[in-house]
Amino acid sequence: VDERELLSAGDVARTIARMAHQVIEKTALGSPGAPAIVLLGIPRRGAPLARRLAARIAEFSGHRVPVGVLDITLYRDDLRRRPTRPLESTRLPDGGIDEALVVLVDDVLFSGRTVRAALDALRDHGRPRAIQLAVLVDRGHRELPIRADYVGKNVPTARSEQIAVLLDEVDGRDGVLLRRR
Ligand code: 5GP
Ligand code: MG
């Protein structure tokens, strides 16, 4: 396997910090009239990413942002072809998501089908004021009219390539690699 480092551990930390600043700015966090924000990570690696983003947002803005996990397994449009079990089940913050600005967080955006499934899943849990999307890597190849509001790194890829996102909580170290087969 041919492997190239796209982001070092330090780059991952800086990228998440930059995304935190962008969330604070774009959502006007803490300003009068600004909606409450809820971060929802999509398992598996979206969950630790959402927790890290919330930690940086709190550090930079002084505002604590609730974090949850949104399981989308049952909402996948390929469920009949590939039955799967959830990696982690849905956990919403105590305040729920009604009238909140929900920021979905995932590691990689590809076809957009996972995000479409997340939007369906959210509909069963409440009615947010708005929904945004944050991804560490956008690798292109969208099959649906979906885009991210916050992108850590845009990586043009071939379909045959794979992005490896390594996070300390899951993989024991941080980094992003491009793998060619
Ligand atoms: P999509 O549903 O947009 O096609 O793919 C996005 C989902 O599949 C994300 O949850 C992401 O974790 C996973 N995914 C798709 N492509 C890649 C990839 O190249 N690398 C990694 N690590 N995950 C991917
Ligand atoms: Mg995933």
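Computed from a prediction, not measured in an experiment: that's the story for all the values here.

1. Section: the pattern of salt bridges
By the definition in use, this model includes 18 salt bridges. Here D11 makes a salt bridge to R14, at a shortest N to O gap of 3.1 Å. Linking D11 with R14, this pair stays in helix α1 (residues 9–26), spanning three residues, or about one helical turn. Relative accessible area serves as the criterion here: at 25%, D11 is assigned to the partly exposed category.

2. Focus: the site of ligand 1
Within the structure, ligand 1 sits among D106, D107, V108, F110, S111, G112, R113, T114, R139, Q162 and I163. One of the side-chain N or O atoms of D107 is found 2.6 Å from an oxygen atom in ligand 1. Contact distances for ligand 1 include 2.5 Å between an oxygen atom and a side-chain N or O atom of T114. In isolation ligand 1 exposes 490 Å². Once the protein is present, 80% of that is buried. Elements that contribute at least two residues to the shell around ligand 1 include exactly β4 (101–109), α3 (113–123) and β7 (162–166). Top element by residues in the shell around ligand 1 is β4. It accounts for three residues. Of the residues contributing to the shell around ligand 1, the split by class is three nonpolar, four polar and four charged.

3. A look at α3
Side chains of residues three or four places apart in an α-helix project in the same direction, reflecting 3.6 residues per turn. Buried within α3 we find V115, A117, A118, A121 and L122. The buried residues of α3 occupy one face: seen down the axis, they fall within an arc of 155°. Residues of α3 that are buried in the fold lie against β2 (37–41), β4 and β5 (130–138).

4. A look at the sheet that holds strand β6 (residues 150–154)
Strand order in the open sheet made by the five strands is β3-β2-β4-β5-β6, with parallel pairing throughout. Each of the sheet's edge strands pairs with one partner strand only, and the pair in question is β3 (67–69) and β6. Adjacent strand axes in the sheet meet at a mean angle of 25°, parallel and antiparallel pairs treated alike. Bridge count for β2 against β3 is three bridges, and the pairing is parallel. The partner of L39 across the bridge, within β3, is V67. Sheet contacts for α3: β2, β4 and β5; angle to β4, the most-contacted strand, approximately 150°.

5. Let's talk about helix α2 (residues 46–61)
Between its terminal C-alpha atoms α2 stretches 22 Å, which fits the 22 Å expected from 16 residues at 1.5 Å a residue. What α2 keeps buried is the set G46, A47, P48, L49, A50, R52, L53, A54 and I57. Those residues of α2 that are buried are in contact with α1, β2, β3, β4, β5 and α4 (168–171). Two residues or fewer past α2, G62 is found with a positive phi of approximately 80°.

6. Re the side chain of D107
For D107, the location among the structural elements is in strand β4. There is no salt bridge for the buried D107, and the closest opposite charge comes from R45, which lies 4.9 Å off by N-O distance. Apart from the residues within four sequence positions on either side, D107 is in contact with R45, G46, L49, V135, L136, V137 and V165.

Conventions we followed
- Residues numbered from 1 in each chain as written.
- Chains lettered and ligands numbered in written order.
- Predicted model: local features only at pLDDT ≥ 70, side-chain atom pairs only at ≥ 80, totals over all residues.
- Heavy atoms only, no water.
- Salt bridge = Lys/Arg side-chain N within 4 Å of Asp/Glu carboxyl O.
- Helix = DSSP H or I, 4+ residues; strand = E, 2+ residues; numbered from the N terminus.
- Buried < 20%, exposed > 50% of the residue type's maximum accessible area, 1.4 Å probe, protein only.
- Near = heavy atom within 4 Å.
- Polar contact = N/O pair within 3.5 Å; in protein donor to acceptor, adjacent residues only side chain to side chain.
- Areas by Shrake-Rupley, 256 points an atom, 1.4 Å probe, with all protein chains shown as cover.
- Nonpolar A, V, L, I, M, F, W, Y, C, P; charged D, E, K, R; others polar.
- Arc of directions from axis to C-beta.
- Contact = heavy atoms within 4.5 Å.
- Pairing = 2+ DSSP bridges.
- Axes fitted to C-alpha atoms, helices over the stretch in contact; angles between N-to-C directions.
- Expected span 1.5 Å × (residues − 1).
- Lys, Arg positive; Asp, Glu negative; His and termini not counted.

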